[in-house]
Structures are given as structure tokens and as C-alpha cells.
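Structural features, examined
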Amino acid sequence: MTNAIRSSGPGSVRILGLDPGLRRTGWGVVACEGARLSHVAHGVITPDTAAPFAERLLVLFEAISEVIALHAPDEAAVEETFMNNNAASALKLGHARACALLAPARAGLPVAEYAATVVKKAVVGTGSADKAQVGFMITRLLPAAGKTTADAADALAVAIAHAHARTARAHLTRVA
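Here is what the cut-offs are and how they apply
- Residues numbered from 1 in each chain as written.
- Predicted model: local features only at pLDDT ≥ 70, side-chain atom pairs only at ≥ 80, totals over all residues.
- Heavy atoms only, no water.
- Axes fitted to C-alpha atoms, helices over the stretch in contact; angles between N-to-C directions.
- Helix = DSSP H or I, 4+ residues; strand = E, 2+ residues; numbered from the N terminus.
- Left-handed = near helix turned anticlockwise from the far one by under 90°.
- Contact = heavy atoms within 4.5 Å.
- Nonpolar A, V, L, I, M, F, W, Y, C, P; charged D, E, K, R; others polar.
- Pairing = 2+ DSSP bridges.
- 1 Å grid on protein atoms, 1.4 Å probe; cavity = no way out; pocket = protein on both sides within 12 Å on 5 of 7 lines; lining within 4 Å.
- Points joined across faces, edges and corners; volume = space filled by probe spheres on them.
- Salt bridge = Lys/Arg side-chain N within 4 Å of Asp/Glu carboxyl O.
- Expected span 1.5 Å × (residues − 1).
- Buried < 20%, exposed > 50% of the residue type's maximum accessible area, 1.4 Å probe, protein only.
- Arc of directions from axis to C-beta.

Regarding the packing of helix H1 (residues 53–71) against helix H2 (residues 87–106)
- Remark: H1 packs on H2, axes separated minimally by 9 Å, with the N-to-C direction vectors making an angle of 30°. At the point where H1 passes H2, the crossing takes the right-handed sense. On H2, the residues touching Phe53, Leu57, Leu60, Phe61, Ile64, Ser65 and Ile68 of H1 are Lys92, His95, Ala96, Cys99, Ala100, Leu102, Ala103, Pro104 and Arg106.
- Here the contact of H1 with H2 is composed, by residue class, of 12 nonpolar, two polar and two charged.

Quick look at the structure:
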């Protein structure tokens, strides 16, 4: 489930993007050097849906920790939870999201959070883009990633949104 290319060099920053879910958590790592982005790796974590809830969360936490150990990101970014009308589903998603926040924080990484609309706007240009549009743009922006699942594409989009935000912050710091 991993498609990895070691392509970052000195001066680049690796960003881990996470699209948390209890059934499928997408992850993607990009290298950012100035305004240039390159694909490092991506995949999807899929805990056994028949396993007890606590074990599924443990699988998420450990798998994210393994991705961090394997790909050595410098920063992490997590998509914020989309609230729906089902409180039980939202609560369970919140638990999965906690794993996505805690694993990088435990590894000492700074963790940023982005709303889905911000992520879509950074990658597609509109906050109302659908998954197909996000996937299409990921293939254009990161051709080395090849074909991705929707979850992995969303995670790579989160990493790209963070890369754009950090580039903008760096530019504003230089201007001020």
C-alpha cells in the first residue's frame, strides 16, 4: 500500500499529510523546497473493521508512528473533522483524528490542522471541489505519485495545503 520515492534533498522540508478515518486513514509525504513540491510516499491505513474499537485505534496510532519512522517528516498536517448529523459517527471519527494528531506530536513534530475547504482550495482552487477533482489535481501536481486512492490523494492534498501555507508564512515574514 505504499508508493515511495526518496527525492528530498538538503534544504527541503518533508511534510506528512493525514486524512483521518476509522476505516481508512490516508497518509502522504511530500518534500517542499521553496515553492517546489515532490512526492515522497503515500498510502492508506486500513484497520480490521471486525476488531474491537480500541484495537482499531491502536492500529491507526502504530501505523502512523511507523510511517513517521520510515519517512522522517519534519512537520505534519491533519484534515479537520467534517461534522455531520450523526453524533456517534462524528465521535468515532474524532477518536481516529486524535490518533492522527497524537502520533506526530509524540514524535516531536509540529502539527497543523486544516479545514477540508482550505485543503480543496489549495489544490483545486475551490473549496467545494469533489474527491475526483482533488484526485485529478494530485496527479497533475505530483505526477511521481502515480494513481492514488481517494484517501491517499486527500492526504497528499493536506500536505500540499500545508506546504502552501508555510510558503506564504515565510514570504510574509521576509516582507515584514
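A look at the sheet that holds strand S3 (residues 36–45)
- The strand order across the open sheet built from five strands is S3-S2-S1-S4-S5, with neighbouring strands paired in mixed fashion. In the strand order of this sheet, the two ends are held by S3 and strand S5 (111–114), each with one partner. Here the strands of the sheet are splayed against their neighbours by 20° on average, with no regard to which way each runs.
- Pairing of strand S1 (residues 13–19) with strand S4 (residues 75–79) involves four bridges; the strand directions are parallel. Counted as the bridge partner of glycine 17 is alanine 77 from S4.
- Docked against the sheet, H1 engages S1, strand S2 (25–33) and S3, running at close to 150° with respect to S3.

Details of the layout of surface pockets
- Its boundaries defined by the atoms lining it, the largest pocket holds a volume of some 770 Å³.
- Those elements giving two or more residues to the lining of the largest pocket turn out to be H2, helix H3 (116–123), helix H4 (131–141) and helix H5 (150–175).
- No other element matches H2, which puts five residues into the lining of the largest pocket.
- Here the lining of the largest pocket is built from residues that sort into 11 nonpolar, four polar and 13 charged.

Digging into the pattern of salt bridges
- This structure, assessed with the given rule, holds four salt bridges.
- With a shortest N-O distance of 3.0 Å, arginine 166 and glutamate 75 are connected by a salt bridge. Separated by 91 residues along the polypeptide, arginine 166 in helix H5 and glutamate 75 in strand S4 bring together distant segments of the chain.
- Across the pair lysine 131 and aspartate 154 runs a salt bridge, and its minimum N-O distance is 2.3 Å. Separated by 23 residues along the polypeptide, lysine 131 in helix H4 and aspartate 154 in helix H5 bring together distant segments of the chain.

So, unusual backbone geometry
- Phi is positive for alanine 72, which is not a glycine, with a value near 45°.
- Within the fold, alanine 72 resides in the loop between H1 and S4.

Brief notes about H2
- The terminal C-alpha atoms of H2 lie 28 Å apart, and with 20 residues this matches the ideal 28 Å at 1.5 Å per residue to within 8%.
- Here the buried face of H2 lies against S1, H1, S4 and S5.
- Following H2 by one or two positions, glycine 108 has its phi on the positive side, about 85°.

Describing H1
- Its 19 residues give H1 an end-to-end C-alpha distance of 27 Å, which sits within 8% of 27 Å, the value for a rise of 1.5 Å per residue.
- Arg56, Leu57, Leu60, Ala63, Ile64, Val67, Ile68 and His71 are the residues of H1 that are buried. One side of H1 holds all its buried residues, which, seen down the axis, span an arc of 140°. Summarising the geometry of H1, the exposed residues directed more than 90 degrees from the buried face are Ala54, Glu66 and Ala69.
- Of the surrounding elements, those touching the buried residues of H1 are S1, S2, S3 and H2.
- Backbone geometry just downstream of H1 places alanine 72 in the positive-phi region, at approximately 45°.

What is shown is where atoms sit, not what they do.
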